[in-house]
Amino acid sequence: MNIEKSKNLFDRACKTIPGGVNSPVRACKNVHCDPLFIASAKGSHIQTVDGKDFIDFIGSWGPMLLGHAHEEVHKAICEASLRGTSYGAPCEAEVILAEKVCFALPSCDMVRMVNSGTEATMSALRLARAVTGKNKLVKIIGGYHGHGDAFLASAGSGLATFSIPGTPGVPQSTVQDTLLVPYNDLEAAKAIFEKHGDDIAAFFVEPCAGNMGLVLPLDGYLQGLRELCTKYGALLVFDEVITGFRVSYQGAQGRFNVIPDLTTMGKIIGGGLPVGAYGGKSEYMSRIAPAGDVYQAGTLSGNPLAMVAGIATLNILEKADYKGLEARVLAFVKELVGILQSKGLDVQYQHIASMFTLFFTDKPVHNFADVEKASVAIFESFYKQMREMGIFLSPSAFETAMVSFAHTDDDFNKTLDVAKQLKF
């Protein structure tokens, strides 16, 4: 595949942008490739500056559940842009989107819009500490909640890709109140609460881990966390930046019927534009300034373009056939795994709704330690061959594949035909 234009752009970018990219995993270092530069995207396909067309299983890392450049979302953005791109003042659209989020997610009586998932988790942590009067937080080993300092202890995804346990620039004093436990290990969570329960402000967890690849909660795990947090007076915070409105319209909390105290959101509620949010019970959210004493602000929060994109997206998703898409994706994943296994590969898969991850291992995957046992060398070969034949996958074994409502049976069949040609 000729990617000369992408290579030239990457060389130029490296001179003015650190590493040539504005988010580390995009650099494709883990799979020893240069990144592809994108010219356009429509539906389930993405086109590079080199004129190559790809079936897209990244979906901008999650937000494009309706597919790229959806007609109704695009129309809403264009019409809003004619009225101005930022006000720095309230607008009707942010009220409407907040109402829609609170209607959909069982945990949310109130919601505050911000600009990214990282802002949402940082703000939720500050609020949890204020509400409880405690300082410590518990997070999952390999879990990722954005690049806020307190969360950069054993973070997954990009950090796992580059085998960086933390990062320079974060003082030890900042992470000394961050406690770590494995995902799906309720006994470890009980032990950490027994030891530090009087000091724990919040337990942060992705209800379906999405930044160590997709890893699903074992039966009773999320409910067990709910009971622990209630017992010890800590806030249970669901990071639904990935799962919110993707695993169901009610999020993972609705699907698993476990209600957190606070929820962080992003991705889909901006319809592809930069956005984040955090919400929860009124008794907690009313502590946020100017209603209360916990300060958090943002000039571009509630940006009118992002708000109308989110409204248009949620209007469509409210009536979408989630069950139908889930069934189609599961059938596709099972056939893909069967093809790879027929080539002598050990493959485990995790799937929920429109998300899936393949792990090249013969062992079940329940936490980050299990994920680390999967072969990154086989994944690299898989990634490179699929990319060469027009399949756009995450360039990291520690990410989740995303499918959209725009993906067709023809997209799935073409992907399966490509998989049949792979050689290992």
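Residues numbered from 1 in each chain as written. Predicted model: local features only at pLDDT ≥ 70, side-chain atom pairs only at ≥ 80, totals over all residues. Heavy atoms only, no water.

**Examining the overall build of the chain**
Which entries qualify depends on this criterion: Each helix is a run of DSSP H or I of at least 4 residues and each strand a run of E of at least 2, with the numbering of both proceeding from the N terminus. A radius of gyration in this sense is built from C-alpha atoms; the matching globule rule multiplies 2.2 Å by the number of residues raised to 0.38. Remark: exposure states derive from per-residue accessible area (1.4 Å probe, protein chains only) relative to the maximum for the residue type, with buried under 20%, exposed over 50%, and partly exposed in between. In what follows, a contact means two residues having at least one pair of non-hydrogen atoms within 4.5 Å. All accessibility values rest on the Shrake-Rupley procedure with a 1.4 Å probe; residue burial counts only the protein chains present in the view. Neither His nor the chain ends is counted toward charge; the positive residues are Lys and Arg and the negative residues Asp and Glu. All charge positions are set by atom: Lys at NZ, Arg at CZ, Asp at CG, Glu at CD.
Scanning the chain for helices and strands turns up 15 helices and 14 strands. By the compact-globule yardstick of 22 Å for 424 residues, the chain fits well, its C-alpha radius of gyration being 21 Å. In terms of its C-alpha atoms, the chain occupies a principal-axis envelope of roughly 55 × 55 × 45 Å. Residue burial in the chain is summarised as follows: out of 424 residues, 56% are buried. Put simply, of all contacts in the chain between residues at least 6 apart along the chain, 72% involve residues at least 24 apart. As displayed, the chain has an accessible area near 17,800 Å², and 52% of this comes from carbon and sulfur atoms. Separation between the mean location of the 38 positive side-chain charges and that of the 44 negative ones in the chain comes to 3 Å.

**A word on the sheet that holds strand E14 (residues 401–402)**
Note the cut-off: Note on pairing: two strands pair once DSSP finds at least 2 bridges between them. The angle between two axes is taken between their N-to-C directions and runs from 0 to 180 degrees, where each axis is a line fitted to C-alpha atoms and a helix contributes only its stretch in contact.
Here we have three strands laid out as an open sheet, ordered E11-E12-E14, and antiparallel in their pairing. A single partner strand is all that each edge strand has here, and the edge strands are strand E11 (348–352) and E14. With respect to the sheet, helix H12 (residues 322–342) is in contact with E11 and strand E12 (355–359), its orientation differing from that of E11 by roughly 175°.

**With respect to the pairing of E12**
With respect to burial, E12 is a largely interior element, five of its five residues being buried. Burial along E12 is two-sided: Met 355, Thr 357 and Phe 359 and Phe 356 and Leu 358, pointing in opposite directions, are all buried. Sheet analysis places E11 next to E12, joined by five bridges and oriented antiparallel. Bridge pairing links Tyr 349 to Leu 358 in E12. As consecutive antiparallel partners, E11 and E12 are separated by two residues, and within that stretch Ala 353 has a phi angle of approximately 50°, a positive value. Both E12 and E14 contribute to a ladder of two bridges, which runs antiparallel. Its bridge partner lying in E14, Phe 356 is registered against Ala 401.

**Description of the packing of aromatic side chains**
As a reminder, the rule being used: Pairing of aromatic rings covers Phe, Tyr and the six-membered ring of Trp, with a centre-to-centre limit of 6.5 Å; geometry is then stacked below 30 degrees between planes, edge-to-face above 60, and tilted otherwise.
Enumeration according to the criterion identifies 15 aromatic pairs in this entry. On the basis of an interplanar angle of 10° and a centroid distance of 6.2 Å, the ring pair of Phe 193 and Phe 203 is categorised as stacked. Highlighted residues: Phe 193 in helix H7 (residues 186–196) and Phe 203 in strand E7 (residues 200–205), separated in sequence by ten residues. A relative accessible area of 0% means that Phe 203 is categorised as buried. Here a set of aromatic residues connected by ring pairs shows up, and it is made of Phe 57, Phe 332, Phe 356 and Phe 412.

**A few points about the packing of helix H2 (residues 71–81) against helix H11 (residues 304–317)**
We apply this condition: If an angle is under 35 degrees, it is roughly parallel; if it is over 145, roughly antiparallel; if it lies from 65 to 115, roughly perpendicular; otherwise it is oblique. Left-handed describes a crossing in which the near helix is turned anticlockwise from the far one by less than a right angle; the clockwise case is right-handed. Side-chain classes are defined by residue name, with Ala, Val, Leu, Ile, Met, Phe, Trp, Tyr, Cys and Pro counting as nonpolar, Asp, Glu, Lys and Arg as charged, and the others, Gly among them, as polar.
Running from N to C, H2 and H11 point in directions that differ by 155°, and their axes come no closer than 8 Å. Compared by their axis directions, H2 and H11 come out roughly antiparallel. Of the two elements, H2 crosses H11, and the hand of that crossing is right-handed. Contacts between H2 and H11 involve Glu 72, Val 73, Ala 76, Ile 77, Ala 80 and Ser 81 from the former and Pro 304, Leu 305, Val 308, Ala 309, Ala 312, Thr 313 and Ile 316 from the latter. Among the residues forming the contact of H2 with H11, the class breakdown is ten nonpolar, two polar and one charged.

**Considerations on the confidence of the model for the chain**
Residues shown with low pLDDT carry predicted positions that ought not to be read at fine detail. Our working definition: Summary of the metric used: pLDDT quantifies the predictor's per-residue confidence within the range 0 to 100.
For the chain, the average pLDDT comes to 94, and 96% of its residues sit at 70 or higher. Counting contacts from residues 155–165, a segment whose pLDDT is below 50, to residues more than four positions away or on other chains yields 28 contacts.

**Observations regarding the pattern of salt bridges**
Put simply, the rule is: We count a salt bridge whenever a side-chain nitrogen from Lys or Arg sits within 4 Å of a carboxyl oxygen from Asp or Glu.
Scanning the entire structure with this criterion turns up eleven salt bridges. Put simply, Lys 136 and Asp 177 hold a salt bridge, and the shortest N to O gap is 3.2 Å. Within this pair, whereas Lys 136 is found in strand E5 (residues 136–140), its partner Asp 177 is found in the loop between helix H6 (172–175) and strand E6 (178–181), the two being separated by 41 residues in sequence. Note on accessibility: Lys 136 and Asp 177 belong to one class, buried. A salt bridge links Asp 261 to Lys 281, with the shortest nitrogen-to-oxygen separation between them at 3.3 Å. Taken together, the residues span a long stretch of sequence, with Asp 261 in the loop between helix H9 (251–256) and strand E9 (262–266) and Lys 281 in the loop between strand E10 (276–280) and helix H10 (282–285) at a distance of 20 residues. By relative accessible area, which is 3% here, Asp 261 ends up buried. Put simply, Arg 226, Asp 261 and Lys 281 are held in one network by salt bridges that share partners.

**With respect to the environment of Asn 413**
Among the secondary structure elements, Asn 413 is positioned in helix H15 (residues 409–420). The partly exposed category is assigned to Asn 413, whose relative accessible area is 42%. The sequence separation of Asn 413 and Ile 96 amounts to 317 residues, and the corresponding C-alpha distance is 39 Å.

**Comments concerning the packing of H12 against H15**
Remark: H12 packs on H15, axes separated minimally by 9 Å, with the N-to-C direction vectors making an angle of 10°. One element, H12, and the other, H15, form an angle in the roughly parallel class. Where H12 approaches H15, its residues Arg 328, Val 329, Phe 332, Glu 335, Leu 336 and Ile 339 are matched on the opposing element by Asp 409, Phe 412, Thr 415, Leu 416, Ala 419 and Lys 420. Class assignment for the residues of the contact of H12 with H15 results in seven nonpolar, one polar and four charged.

**Comments concerning helix H3 (residues 92–104)**
Which entries qualify depends on this criterion: Here the expected length of a helix is defined as 1.5 Å per residue gap, with one fewer gap than residues.
With 13 residues, H3 should cover 18 Å at 1.5 Å per step; its first-to-last C-alpha distance of 19 Å lies within 8% of that length. Inspection of H3 places Ala 93, Glu 94, Leu 97, Ala 98, Lys 100, Val 101, Cys 102 and Ala 104 among the buried residues, and these make up the whole buried set. Summarising the contacts, the buried residues of H3 are in contact with strand E4 (110–114), E9 and H11.

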